[in-house]
Structure formats: structure tokens, C-alpha cells
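Descriptive analysis of the structure
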Amino acid sequence: MKDRRYALIWGGSTITGQYAIQIAVEAGYRVIAVASERTRRRVSDLGAHHVITRDGRTPADIADEIRSIGQNKIVLGIDLVGPQTATHGLSCLSKSHPARFAPLAVPAPPIAAPSNVEIVNVEMKRFVLDPESRQYAVHLADLVGQGRVKVPKVIVLPGGLQEVEAGLTRVRNGDMGGSKLVVRFGTSKLSTDRT
Ligand SMILES: NC(=O)c1ccc[n+]([C@@H]2O[C@H](COP(=O)([O-])OP(=O)(O)OC[C@H]3O[C@@H](n4cnc5c(N)ncnc54)[C@H](OP(=O)(O)O)[C@@H]3O)[C@@H](O)[C@H]2O)c1
């Protein structure tokens, strides 16, 4: 079982999903990721063994394909999209092996799970403030430094505060194609203000 464990990442092209795919591959999982036609190549390049494209398909149809690949061996699942895909993702997990599922895009209350599945909820603020979390940041930085984990592409909007609204619209429209958006704030105006 150990060498055939599967991990499901639903939302493989999200920024979080891109890291999750690479970390799961590093940990020895065979990775099944759900993405779009547009980002399929990127997700595949990150190491996902199976990329299922979602364009024009229902979550139920996608879940059928996931189950046919995973064959009751999916023991780790992460949903990065929402309640509907989280429910379908959970239904793809192994029915007989101990499994873990992290519905990261679903706010509390947590979804119900079969007895073999542990639901892992991550509250970002608490995670960041917990000193125990430092080890994960250090390990991830090591993996990035060694070139074993690639950071997502970054698109920089140079215009400062007035670019934020346009940037948010772009994110809302799903127009990022797997890139992270960063708004650059100039410092010269701030230092002028202080003098
Ligand atoms: N709890 C926590 O600690 C925690 C931490 C990090 C993130 N999150 C949550 O995780 C989610 C993802 O965050 P993010 O910043 O990584 O996302 P992001 O980079 O903004 O993800 C946007 C991408 O999601 C993909 N997507 C949209 N609908 C999809 C669908 N139905 N199936 C598969 N992919 C879909 C689209 O890519 P394609 O068009 O290529 O499919 C889109 O480009 C958010 O809900 C965020 O709040 C939670």
C-alpha cells in the first residue's frame, strides 16, 4: 500500500495547490490533481501524476474519474475550491484505509466524514501564530532552496494602492492562470510623508 498511496488535490493550479502537489510528490504520494485546460501543463510540470481537467464537467463526473484512478487508495485529500467540491473530494477517499482530508476552502462547521477519515481543518491565523509551525516554513524554504519545490509565477502590479481593485477583479474573474498577484507599493512617498 505504501508505494501506491494517492493524494487528491482539488484545485491543483491554486497557489496553495501548487505547493501541495509538490510536497505530496516529495512525500512519495501519487498525485491526482484537478485543474483547467489552461493550467493543465503547469500542474503536470509540478509533478502531478494525473491531471483531471474540469472544463465543462460537473464535480460528480470529475469525482467518478478520480475514483477510477485512485482505486480505493486515495488516503490524502485537499480541497481548495469550495463546499461542493469538498463533498465530492471526500467521497473519493479510500473506504478502508486510514485517510485524511483537509477542506481548506470550507469554513467551519466541518463536513461529516466516515470513521476511517480524519478531517483536518487549518485556521490560517492560528497556524501562522503557532511557534510549532516554524518547522514547516523552515523545511519548505529548504526544499525551495534546493530547487525541489518551485514557487508559483508572480505577476507584479507596480501601481500601488490604486491597482488593488483591478487586481481583485482579475482574481475574482479567475484570470490568473496559476500565477500569484502582487501589488507593489512605492516607499518614496511614505518616507516623504514622514519628513
Ligand atoms: N485554511 C487555510 O489555512 C488556507 C490556506 C490557504 C488557502 N486557503 C483557501 O484555499 C483556497 C485557494 O486559495 P489560493 O489563494 O491558493 O487560490 P488561488 O490561487 O486564488 O486559486 C485560483 C484558481 O482556482 C482554480 N479554480 C477555480 N475553480 C475551480 C474548480 N471548480 N476546480 C478546480 N480549480 C478551480 C482556478 O484555476 P483553474 O482555472 O486553472 O482551474 C483559479 O485560477 C481559498 O479558498 C483560500 O481561502 C485556506
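That block above? That's the structure.
Figured I'd write up the structure that's included with this text. (Residues numbered from 1 in each chain as written. Predicted model: local features only at pLDDT ≥ 70, side-chain atom pairs only at ≥ 80, totals over all residues. Heavy atoms only, no water.)

Bringing helix H6 (residues 134-145) into the picture now. In a regular helix each residue adds 1.5 Å, so 12 residues correspond to 16 Å; H6 covers 16 Å between its end C-alpha atoms and thus fits that length. Directly beyond the C-terminal end of H6, a positive phi value near 75° is found at Gly147. (Helix = DSSP H or I, 4+ residues; strand = E, 2+ residues; numbered from the N terminus. Expected span 1.5 Å × (residues − 1).)

This paragraph deals with the site of the ligand. In the neighbourhood of the ligand, 16 residues make up the surrounding shell, with Ser13, Thr16, Ser36, Thr39 and Val122 lying closest. Residue Ser36 places a side-chain N or O atom 2.8 Å away from an oxygen atom belonging to the ligand. In the environment of the ligand, an oxygen atom lies 2.4 Å from a nitrogen or oxygen atom belonging to the side chain of Thr39. Compared with its free state, where it exposes 940 Å², the ligand has 69% of that area covered by protein. (Near = heavy atom within 4 Å. Polar contact = N/O pair within 3.5 Å; in protein donor to acceptor, adjacent residues only side chain to side chain. Areas by Shrake-Rupley, 256 points an atom, 1.4 Å probe, with all protein chains shown as cover.)

Mapped onto the secondary structure, Ser179 falls in the loop between helix H7 (164-172) and strand S8 (180-183). In this structure Ser179 comes out as buried when scored by relative accessible area, which is 14%. Ser179 has contacts with Ile15, Lys153 and Ile155, leaving out every residue within four places of it along the chain. (Buried < 20%, exposed > 50% of the residue type's maximum accessible area, 1.4 Å probe, protein only. Contact = heavy atoms within 4.5 Å.)

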